[in-house]
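# Examining the three-dimensional arrangement
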Amino acid sequence: MFKSYLISGVLCIISLVPLHGQPPEQTDPAHAARMAKSLHLFKSSVRQALTSHCVKCHGGKKTEGEFNITTRKLFLLGGASGDSFTVGKAQESYLADMLYHRIEPAMPMNSGKLSDTLVAAILKWIDLGAAFDRPLLDMNEPADAWTRRRISQEQKDYWAFKSLQQTAFSQDLHPDPQNPIDHFIAAGIDSQQLRFSQPAKTNTLVRRIFLDTLGMPPTGSQLTELLSYPQDQIINRTIEHVLASPHYGERWARHWLDVARFAESHGFEQDYDRPFAFHYRDFVIKALNQDMSYDQFTRWQLAGDELAPENPLAMMATGFLGAGVFPTQITANEVESSRYDALDDMAATTGTAMLALTIGCARCHDHKFDPIPAADYYRFTSTFTTAVRSNQPIVMNASNLDAQQAHFTLEHQPYIDAVKNYEQTKLRSAFEEWSQTPQAKEPPGWFTLKFFDVQSEKGSNIQRQADQSFKVQSDTAPPQDAFTFEFHSHQRNLQALRIEAFADPTLKAGGPGLAVNGNFQLTDIHVAKAPLSTPNVLTDLEFSSARATFNQNENSLHVRTVIDKDKKSGWAVDPQFGKDHAVIVTFAEPLDDPQGHRLRITVAFNGNTKHIMGRFRISVSSDPDNPLLGDTISEEVLVALAKSPQDRTAEDLQAAVDWYRTKDEGWKALEAKRQEHLKSAPAAKTETVMIVSEGVTPIRHHTQGKDFFEEMHFLKRGDVQQKVGRASQGFLQVLSPEQDSIDRWSQAPQTGSKTSNRRTALANWMVDHRQGAGNLLARVMVNRLWHHHFGRGLVASTNDFGNQGQPPSHPDLLDWLANQLIKNDWKLKYIHQLILSSYTYQQSSDYRKADALQDPDNQYLWRFRPRRLEGEALRDSILNVTGQLDSRMFGAGTLDESMRRRSIYFTIKRSKLIPMLQVFDVPEPLVSQGQRPTTIVAPQALLLLNNIHIRKYCEDGAKQFLKESQDLTSLVTQLYQRTLSRQPTLSETAKSLAFLQQQTQSYTDSGSNTPEEAAFADLFQLVICLNEFCYIY
Amino acid sequence: MTEFITRRQLLRSCGGGMGSVALSALLADQGLLSNSAIAEGNPFSTKQQHFPVKAKSVIWLFMNGGPSQVDTWDYKPELEKHDGQELEGFDKNTGFFTGNVGPIMKSPFKFRQYGESGSWVSEIFPQMARHVDKMAFIHSGYTESNNHSPALFMINTGMKRMGFPSLGSWVTYGLGTENQNLPAFVTMSDPLNRGLPKGYAQNWGAGFLPSIYQGTWFKPQGDPIDNLKISGDKNITQQRALLDTLKDLNQDHQKNRPEQRDLETRINSFELAYRMQQAAPEALDIQRETSETLKAYGVGDKKCEHFAKQCLVARRMVERGVRFIQIYSGGTENARSWDGHTSISKNHGQFAGETDQPIGALLQDLDQRGLLDSTLVIWGGEFGRLSIVQKGGTGRDHNPHAMTYWMAGGGVKAGVHYGATDEIGNVAVENRVSVNDLHATILQLCGLDHLKLTYRLNGRDFRLTDVAGKVIKEIIA
């Protein structure tokens, strides 16, 4: 599966004896019929078995025991010595003993016993004449023949690959089944002479449904409320409650995350975090809670980015493909094999999680047990060739943003209208009035010039703002830049130039600079001037002095360096960030041409990285002593104000009013209202999400090569050094129609699409229950649900429905449930509801010796099988019963064990798994896991006894508890109710009270300030250690 | 349970006869028994083996970063002769720094022969050299990656990829442990803040085996094992009282469920936990050793004290029946470990200084206490180093094609040398030993057949040695 080794050391040491007898006479009239039957057996199963398990050592790479089975003639010759088989009496032969593992050497050697059915088929085939249609090995096969290998129709004849059987169920009522599930179970129970158990006690059943479906027991008040319903409604109410609870998604998402080998770090050497991977976990919880159809759940995990890119859930779903491990340090000669490993992870996990097929086993050779040729593996895996992990900004509220924004625009219009209306009416008269006042005769000393153009030397994005300032886009700005502006002025006597740099709360430290600390460094100001009469005769303007709001130091970062000859030194303002700054340079001689001036002003920022002003404004003045941070006006308005009212043009008036309005109280009030309303505008909520897609920037690792390759090749023995042609996309032959074409599932990508739509084709095939894999998909999922409700699947090997897995215990029920799933729009809650409301589920877990002797493993479900809670459910239950659960859902997780949210919100870092969960069998998230082992070891007991967090929950819970009542007996009753969902017995109450008394005394003796609290914390801790607390009964 | 599943059926279910090895977990995986029945068996109980056990315990002294074979145990006179010459036909992608390929470089260290076996040893190992007659050397080891973490995974789990069970996990899965009061598989990493080996806990992870088989990592700072100290203001009397009432109530509960034997197992696990609280600190307390012993290991000598203490803990663990102990010398990489890229003499000189005396003392001590025969001591890293110099210094780059391992005690043949590298020690050429071969041999010494020690996952019976592995019989006594 993983390596390119030849089998060595796995030798079939067999010494077969010559044939005891000769084949039957050819004249036998029944011979032809027998040979036809034999041939049928050969084609349907025997050939595959011999090819997979026997021929390598018996005629292939070697011929052990001189027994060559490649042709009929050689086969019938038998081996070197002894008595191996007799045609017609194969069941009693030495060969049969070896195949049944009755004697040593057991065959096939070292690779597991063949199923009894298969052995029987082989022996029957021999008895019928050992017919071959062609030799087992074709020595003349071309080297790449395996890349075109077809499976035979007979190989599809296996329960998991068949269409769903439309099973009719028995109408006999056992004992009073309302639910079809019970008919199927009753049939099995009957056939084994077993009996159904009595229904479980009501409160036991309520507790069971809660623990099983939500992963926590009911709270005291939930239990009281549910038990207050009429007896015949309690359970249905309980089922309704749990399936509507948001905790349902948290509980069942955890099961799926095991299957999806989900974690939030890369693994390998550095085990870097994937800080945006948690969105996949949130997708699973949300999808389950909203009862997303399982076919869509499946499709989105494979190709959500192609199928519904506008839907954030669909994008989050693709995290499934990227959840596996990937090396963070890859040397040159491991680049390609690492990429094939990553593709294998995607393909193998998809196969196991969705189809319970071990597709990954066909990487180095044809699958040994299932009809999955290596050719299928490469064609299937090629689906993912160009798919990569990527961190992308996703608009999380995309689905209804447009509608919200349209609605808001309508709502906002009256505010705009009010301002406009005011401007056209009252504002003008207010201005006329103001322009007669003395203030109007003294405009601000600084004014901006008539602007024509700005050029960035290094390509920054610079934009002029309404207040005549210029803003540089921060995230795209180059490390250094210089900006050259073209201005004209018709004012005379210009003596100084000012540059204001504005603070900006969106920048680091509030700006004004774009540098990581908020600083800038103005390295140079250069002004070229020309009279407008001869605008192309530019000469340099000289400066006589410079001053600024603040200087970072007295040397190289002082404002004087702006006007010196050194183009690298320059003015900076560390640490005075978050406020406006300004520099004034005084001209050596005034500019005073009556025709006006052209000014070409260059402002350079050639210092440290991104030491560029984020927003700045250039203005001039006739008085260099005007204040550094004084008010500014535009030349246009300055001219307009200087005119008498009757001389003003319409443009003059507009400009003047536009400038004036910011001084008008009436306008300011209306504009403030408009701005206030604008704050409620619906905005896109963007979050970074780790997705898997194509044509996006891959998450880069320390790789001495490419992140991915455009093409996928067939690899002999899985070895990247042995490429055998390009693999084009295909799916599993065994789950496809005879004429293998994937066209029926393919959709051409839309023009301009970055993705290939190969994953869409896979997704379509996967859910297609008519021609594709949909039937198996449904079987596998209903089985997973069954497994988690009953502790064991109808197919016990939930992740392997192949020949090496277990056959279904109730095949008809499995198919019936799968049919129900498909017919009910793939709704999982429908199946949960069916199961939870069945008599089978609601039986008591009590043990009966007679039935246990008959069916010790409870395969036929004559009782409910008790089982221990998983690590997460146990921790969540402890938090819940101690009243310490923080029930906030979703968002980034944490590694901090003191967290009190549900366990699913722990960050899963592969090198730092949460110890308190690991000790309770939480698996390492490396490959898909369908079932967890349940172990009982002392470190679990140590955890419950000594862990500081567990102890703290109990202490905090005890404190709250003791506030509720003074009466210890009543508190003990409540404690039992809350933790074990039942009343304590008299004896339990007595023992609990005695314990409290003993501990209180002991804590008093040992000097505790709060002996009652400590004692009650002990009782809490004792109860959560009880077997009864940790088991689902 | 034995009422219902015969031994014969069991053998079949295990794919060819591995006895009751890890019975419970195996059955769980195959869905043969309900979860409640699984718990009846203690997963750490001592189990039957495939062969007679020679090594009851294993101590793996892991020289993290890749110790150079030609500067330690693989003496090559020819290396000196060719010093400074270009190595013809060398593939520049062999090491990690593909642009820093220099000429052949002799060892900066002197070698001489020791013991009756006449084994050549570098001058940096004067103490270990005294024990060469106890060691079996494998000079022809090779691995499959030139990069730390895949090579670490390879040597620890048999696979370059992440996610497979480590050797220690397989051994404890196969054999259980002989002391229920202590962890079965223990890992100690660098206590001098130089970090963990690359790939971190994956190197002692249980992979797909039940997670209880992962190595227990003794934290180098603070309490080495989680949850051993009573929390809150409880004292031992108060805890005992809690346990007594707990047991009482649990037994009441169990009376109605006699068939559910996991309940009893769980009741016992609390008693076991109570005992572990006392046993583990005692096992870790090296101050109980005599001053002579402490001195012999190098406790008190700043240069090697940290490693000396870990070796002492290892011996105390072995005495108490712990199955598998791994000690990492050095931290993450480069100068923090045996990863001598820039100067072999400085780097290897330093790390030899940190480990030589403690390891020498450990071998001596185990021998004197009669424990060496039943304890397999293994020395080695994740790969070897090139016989050429890494340009820009006097160090050597990674080399997957040659590495030396030695083993002592635990049933290995003493004073033998197996396999050989080429004349300059750069490539294993004679009796090449793959990592799978090494693992197969170690399992064999532990009484386990690498072909039969399997675990079924997603339809496949996995082995530590995947589809390969050959026991090196020549080094087994």
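Throughout, residues of each chain are indexed from 1 in the direction in which the sequence is written. Lettering of chains starts at A and numbering of ligands starts at 1, both following the order in which they are written. Note on the predicted model: pLDDT of at least 70 is required for a residue's local features to be given, and 80 or more for side-chain atom pairs to be given and counted; whole-chain, interface and lining totals, by contrast, use all residues.

## Comments concerning the overall build of chain B
The helix and strand labels rest on DSSP assignments: H or I over at least four residues marks a helix, E over at least two residues marks a strand, and numbering proceeds from the N terminus. Scanning chain B from N- to C-terminus turns up twelve helices and 18 strands. Compactness check: chain B gives a C-alpha radius of gyration of 23 Å against a globular reference of 23 Å for 477 residues, within 12% of the reference. Along the longest, intermediate and shortest principal axes, the C-alpha atoms of chain B span 80 × 50 × 40 Å. Counting over 477 residues, chain B shows a buried share of 62%. With the radius of gyration taken over C-alpha atoms, the globule rule is written as 2.2 Å times the number of residues to the power 0.38. Here the C-beta atoms are placed from the backbone, and a residue counts as buried if at least 20 other C-beta atoms lie within 10 Å of its own, exposed if 12 or fewer do, and partly exposed otherwise.

## Some thoughts on the overall build of chain A
The helix and strand inventory of chain A stands at 32 helices and 21 strands. Taking 31 Å as the expected radius of gyration for a compact globule of 1033 residues, we find that chain A reaches 40 Å, considerably beyond that expectation. Counting only C-alpha atoms, chain A reaches 130 × 85 × 55 Å along its principal axes. By the burial criterion, 49% of the 1033 residues in chain A qualify as buried. In chain A, the share of contacts with a sequence separation of at least 24, taken over all contacts with a separation of at least 6, comes to 71%. Residues are treated as contacting if the C-beta atoms built from their backbones sit within 7 Å of each other.

## Focus: the environment of B:Pro191
Residues and elements named next belong to chain B. Within the secondary structure layout, Pro191 lies in the loop between β6 (185-188) and β7 (216-218). Along the chain, Pro191 and Asp373 lie 182 residues apart, while their C-alpha atoms are 29 Å from each other. The residues contacting Pro191, other than those within four sequence positions of it, are Pro220 and His306.

## Digging into the nonpolar core
Residues of type Ala, Val, Leu, Ile, Met, Phe, Trp, Tyr and Cys that are buried and joined through C-beta atoms within 7 Å form what is called a nonpolar core. Formed by 303 residues in total, the largest nonpolar core has its most connected members in A:Leu777, A:Val782, B:Val58, B:Leu61, B:Cys311 and B:Met407. Ranked by the residues each element gives to this core, the list is headed by helix α31 (residues 1011-1025) of chain A, at ten residues. The contact partners of A:Val782, leaving out residues within four places of it in the chain, are A:Leu814, A:Leu817, A:Ala818, A:Leu821 and A:Ile831. Core analysis: the second largest hydrophobic core is formed by 44 residues, A:Ala548, A:Ala572, A:Phe605 and A:Ile618 among them.

## Re the sheet that holds strand β10 (residues 539-540) of chain A
Residue and element names in this part refer to chain A. As summarised here, the arrangement of the five strands in space is β4-β7-β13-β9-β10, forming an open sheet in which the pairing is antiparallel. For this open sheet the edge positions go to β4 (450-456) and β10, each flanked by a neighbour on one side alone. Note on pairing: two strands pair once DSSP finds at least 2 bridges between them. Direction of pairing for strand β9 (residues 524-531) relative to strand β13 (residues 597-605): antiparallel, over a ladder of eight bridges. Directly across from His526, in β13, lies its bridge partner Thr602.

## What to know about the confidence of the model for chain A
Scored by pLDDT, chain A comes out at a mean of 89, with 95% of its residues at no less than 70. A residue's pLDDT is the confidence the predictor assigns to it, expressed on a 0 to 100 scale. Contacts for the low-pLDDT stretch residues 1-26 of chain A, under 50 throughout, to residues beyond four places or in other chains number 76 contacts.

## Things to note about helix α12 (residues 435-445) of chain B
Structural remark: α-helix, 3.6 residues per turn; residues separated by three or four positions point the same way. Residues and elements named next belong to chain B. The buried count for α12 comes to eleven of eleven residues, which makes it a mostly enclosed element. Residues Val435, Asn436, Asp437, Leu438, His439, Ala440, Thr441, Ile442, Leu443, Gln444 and Leu445 constitute the buried set of α12. Its buried side turned inward, α12 meets β5 (135-141), α5 (148-157), α6 (167-175), β9 (375-380) and β13 (403-408).

## A word on the confidence of the model for chain B
Confidence along chain B averages 87 in pLDDT terms, with 90% of residues attaining 70 or more. The low-confidence segment residues 1-40 of chain B, where pLDDT is below 50, has 82 contacts with residues more than four positions distant or belonging to other chains.

## Side note on unusual backbone geometry
Residues and elements named next belong to chain A. The residue after Glu104, namely Pro105, is reached through a cis peptide bond having omega -5 degrees. Between Gly511 and the following residue, Pro512, the backbone shows a cis peptide bond with an omega angle of 10 degrees. Take Pro512: it is sitting in the loop between β8 (494-501) and β9. Although it is not a glycine, Asn757 sits at a positive phi angle of roughly 65 degrees. When you line up the elements, Asn757 lands in the loop between β19 (723-726) and α19 (758-767). We note that Trp826 has phi near 55 degrees; this positive angle belongs to a residue other than glycine.

## Quick look at the interface of chain A and chain B
Opposite the 91 residues of chain A that make contact, chain B presents 82 residues. In this classification, Asp, Glu, Lys and Arg are treated as charged, Ala, Val, Leu, Ile, Met, Phe, Trp, Tyr, Cys and Pro as nonpolar, and every other residue, Gly included, as polar. The residue inventory of the side of chain A that touches chain B, partitioned by class, reads 37 nonpolar, 34 polar and 20 charged.

## A few points about the sheet that holds β7(B)
Residue and element names in this part refer to chain B. A sheet is described by the order of its strands in space; here eight strands give the open sequence β7-β6-β8-β1-β9-β13-β5-β14, paired in mixed fashion. With one partner strand each, in any of the chains shown, β7 and β14 (416-418) form the two edges of the open sheet. Adjacent strand axes in the sheet meet at a mean angle of 15 degrees when their direction is disregarded. Note that β6 and β7 share three bridges and pair parallel. Within the sheet, the bridge partner assigned to Val186 lies in β7 and is Thr216. Helix-sheet contacts for helix α10 (residues 305-319) involve β1 (57-63), β6, β8 (324-329) and β9, and the interaxial angle to β8 is about 175 degrees. Fitted lines through C-alpha atoms serve as axes, helices being fitted only where they are in contact, and the angles separating the N-to-C directions of these axes extend from 0 to 180 degrees.

## Digging into the pairing of β13(B)
Moving residue by residue along a regular strand, the side chains alternate between the two faces of the sheet. Residue and element names in this part refer to chain B. Counting buried positions along β13 yields six of six residues, so the element is predominantly enclosed. Residues Met403, Tyr405 and Met407 point to one face of β13 and Thr404, Trp406 and Ala408 to the other, with burial holding for every one of them. Bridge count between β5 and β13: five bridges; the pairing is antiparallel. Within the sheet, the bridge partner assigned to Ala136 lies in β13 and is Met407. Sheet topology places β9 next to β13; three bridges connect them, and they run antiparallel. Bridge pairing in β13 places Val377 opposite Ala408.

## Quick look at the environment of B:Ile325
All names here are of chain B. For Ile325, the location among the structural elements is in strand β8. On the basis of neighbour count, Ile325 is assigned to the buried category, with 28 C-beta atoms found within 10 Å. Separated by 264 residues in the primary sequence, Ile325 and Leu61 place their C-alpha atoms 8.5 Å from one another.

## Topic: the packing of helix α20 (residues 774-790) of chain A against helix α22 (residues 828-836) of chain A
All names here are of chain A. Contact geometry of α20 with α22 gives a least axis separation of 11 Å together with a crossing angle of 45 degrees. One way to sum up the angle between α20 and α22 is to call them oblique. α20 and α22 meet at a crossing whose hand is right-handed. Across the interface between the two elements, Val782, Leu785, Trp786 and His789 of α20 pack against Leu828, Ile831, His832 and Ile835 of α22. The residue inventory of the contact of α20 with α22, partitioned by class, reads six nonpolar, two polar and no charged. Relative orientations are named as follows: roughly parallel for angles under 35 degrees, roughly antiparallel for angles over 145 degrees, roughly perpendicular for angles from 65 to 115 degrees, and oblique for any other angle. Throughout, a crossing is termed right-handed when the near helix is turned clockwise from the far one, and left-handed when it is turned anticlockwise from it by less than a right angle.

## Let's talk about the environment of B:Ala279
All names here are of chain B. Along the chain, the position of Ala279 falls in helix α8 (residues 261-284). The spatial distance from the C-alpha of Ala279 to the C-alpha of Gly349 is 37 Å, given a sequence separation of 70 residues. Ignoring any residue separated from it by four or fewer positions in sequence, one finds Ala279 in contact with Asn181 and Leu182.

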